[in-house]
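Analysis of the macromolecular model
Residue strings, one per chain:
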Amino acid sequence: NTIASVKRFMGRGLKDIAHPEKLPYRLVDQPGMLVIETVQGTKSPVEVSAEILATLRIRAEDSFNDDLFGAVITVPAYFDDAQRQATKDAAQLAGLNVLRLINEPTAAAIAYGLDNAAEGIYAVFDLGGGTFDISILRLTRGVFEVMATGGDSALGGDDYDRALAGMVLQATGRSWGTDEDKSRLLAQARACKQALSDEYSHLFEVMLSDGLLSRMVSRHEFEEAVSHLTKKTLQAVKKALRDAGLQPSDIQGVVMVGGSTRMPHVQAAVGELLQCQPLN
């Protein structure tokens, strides 16, 4: 009954979702957009997003001790019209007046202060929990021009969690089991993944319906299990460079955005490809 990374479901049908059977909840196809089965009945991705946005609105109003006049909401640069409209619908449902939707890479570059930086060409590598976004931006006199964008709306930290859990299950001869087991496995995989950013090995331990699963996982093993996912992000970077007519050496700096970019091997792979030290 816990929904994660609902953003990748926005404006999508069931046919657009890769491996729905591995999710710890059920998706139901409906005309226009899929819905999610919950204890309280079916919920659309728009309704789930509205719950999140409404909570953020309340927090903001509490912080400022005033009503919120409007909001600027960020979306992945490659979001299509259906996904953008679903985002606007969620904001409206949450009682938010949307002043503007802006692309996440542009927002990240502004938040990082690149609009005050030296002129040049920058890459924004945005690997979040559910989506991946790469943008090549040219900065001229404080104005950003988007030269190329790319990414994958079904690639993110959730997929790294699933790959890690799958590797441990395969190594121990266990199965995904019940929906409850899936939730516990993915939660433990996330905790293990995060720990391996600082440690060279970590104990993956979780109680499942058929007994305790316990296995030590090394950072090297984890990186091997997820290498195909990191390669997919690098292929998208190379395509964005080709689309912009650029070589890696043309990039002045790369901004790393999203929790999943904290993984050391992702930092190293991006730095090696773009021949510069990533900016965090």
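Residues numbered from 1 in each chain as written. Predicted model: local features only at pLDDT ≥ 70, side-chain atom pairs only at ≥ 80, totals over all residues. Heavy atoms only, no water.

Things to note about the side chain of Ser44
Our working rule: Numbering of helices and strands runs from the N terminus, with a helix taken as a DSSP run of H or I at least four residues long and a strand as a DSSP run of E at least two residues long. Three labels apply to residues, based on accessible area from a 1.4 Å probe with only protein chains included: buried if under 20% of the type maximum, exposed if over 50%, partly exposed otherwise in between. Working rule for contacts: check all heavy atoms of both residues, and any pair within 4.5 Å makes them a contact.
For Ser44, the position within the fold is in the loop between strand E3 (41-43) and helix H1 (45-64). Owing to a relative accessible area of 16%, Ser44 belongs among the buried residues under this scheme. Look past the residues within four positions of Ser44 in its chain and what remains in contact with it is Leu34 and Val35.

Some words on the packing of aromatic side chains
In plain terms, the rule: Ring pairs shown here join Phe, Tyr and Trp side chains whose ring centres sit within 6.5 Å, with only the six-membered ring taken for Trp; geometry is labelled stacked below 30 degrees between planes, edge-to-face above 60, and tilted in between.
Under the definition given, this model contains 2 aromatic pairs. Ring plane angle 85 degrees and centroid distance 6.4 Å describe the contact between Phe9 and Tyr25, whose orientation is recorded as edge-to-face. Taken together, the residues span a long stretch of sequence, with Phe9 in the segment before strand E1 (27-28) and Tyr25 in the segment before E1 at a distance of 16 residues. Of the two residues examined, Phe9 and Tyr25, each falls in the buried class.

Side note on helix H5 (residues 179-195)
What counts is decided by this rule: A helix's residues, less one, multiplied by 1.5 Å, set its expected span.
Between its terminal C-alpha atoms H5 stretches 24 Å, which fits the 24 Å expected from 17 residues at 1.5 Å a residue. Three or more residues of H5 are buried, namely Asp181, Lys182, Leu185, Leu186, Gln188, Ala189, Cys192, Lys193 and Ala195. Looking at the buried positions of H5, the neighbouring elements they touch are helix H4 (157-172), strand E9 (201-208), strand E10 (211-218) and helix H6 (219-244).

A closer look at the environment of Thr55
Short version of the rule: Polar contacts here mean pairs of N or O atoms no more than 3.5 Å apart (in protein, one a potential hydrogen donor and the other a potential acceptor; neighbouring residues in sequence count only if both atoms are side-chain atoms).
Of note, Thr55 is situated in helix H1. On the accessibility criterion, Thr55 (37% relative accessible area) is partly exposed. As for Thr55 and Ala94, which are separated by 39 residues in sequence, their C-alpha atoms are 8.5 Å apart. A polar contact is formed between the side chain of Thr55 and the backbone oxygen of Glu51, at a distance of 3.0 Å.

With respect to the nonpolar core
Stated precisely, the cut-off is as follows: Nine residue types can take part in a nonpolar core, namely buried Ala, Val, Leu, Ile, Met, Phe, Trp, Tyr and Cys, and a core is a set of them joined through side-chain atoms within 4.5 Å.
By size, the foremost hydrophobic cluster in this structure holds 47 residues, and its most contacted members are Phe125, Ile136, Leu164, Phe204, Val217 and Leu274. The greatest single-element share of this core, amounting to 10 residues, is contributed by H6. Ignoring sequence-local partners within four residues, the contact set of Phe204 consists of Leu164, Ala165, Val168, Leu185, Gln188, Ala189, Cys192, Leu213, Ser214, Arg215 and Val217. In this structure, Val46, Ala90, Ala91 and Leu101 belong to the second largest nonpolar core, which totals 16 residues.

Describing the sheet that holds E1
Paired through their backbone hydrogen bonds, the strands of a sheet run either parallel or antiparallel. Note the following rule: Note on pairing: DSSP must find at least two bridges between two strands before they are called paired.
Taken together, the 3 strands give an open sheet; going across it, the order is E1-E2-E3, and neighbouring strands pair in antiparallel fashion. Where the open sheet ends on each side, the last strands, each with one partner, are E1 and E3. Relative to strand E2 (residues 35-38), E1 runs antiparallel, the two being bridged by 2 bridges. Considered in E2, the bridge of Val28 is made with Val35.

Focus: the pattern of salt bridges
The criterion, for reference: Here a salt bridge means any side-chain nitrogen of Lys or Arg lying within 4 Å of a carboxyl oxygen belonging to Asp or Glu.
The tally for this structure, following the rule as stated, stands at 15 salt bridges. Ionic pairing is found between Asp179 and Arg26, a salt bridge with its closest N-O pair at 3.4 Å. Here Asp179, found in helix H5, pairs with Arg26, found in the segment before E1; they are 153 residues apart in sequence, far enough to count as distant. Arg174 is paired through a salt bridge with Asp210; the nearest N and O atoms lie 2.9 Å apart. Of this pair, Arg174 sits in the loop between H4 and H5 while Asp210 sits in the loop between E9 and E10, and the two are 36 residues apart along the sequence. On the basis of relative accessibility, which here comes to 23%, the residue Arg174 falls in the partly exposed class.

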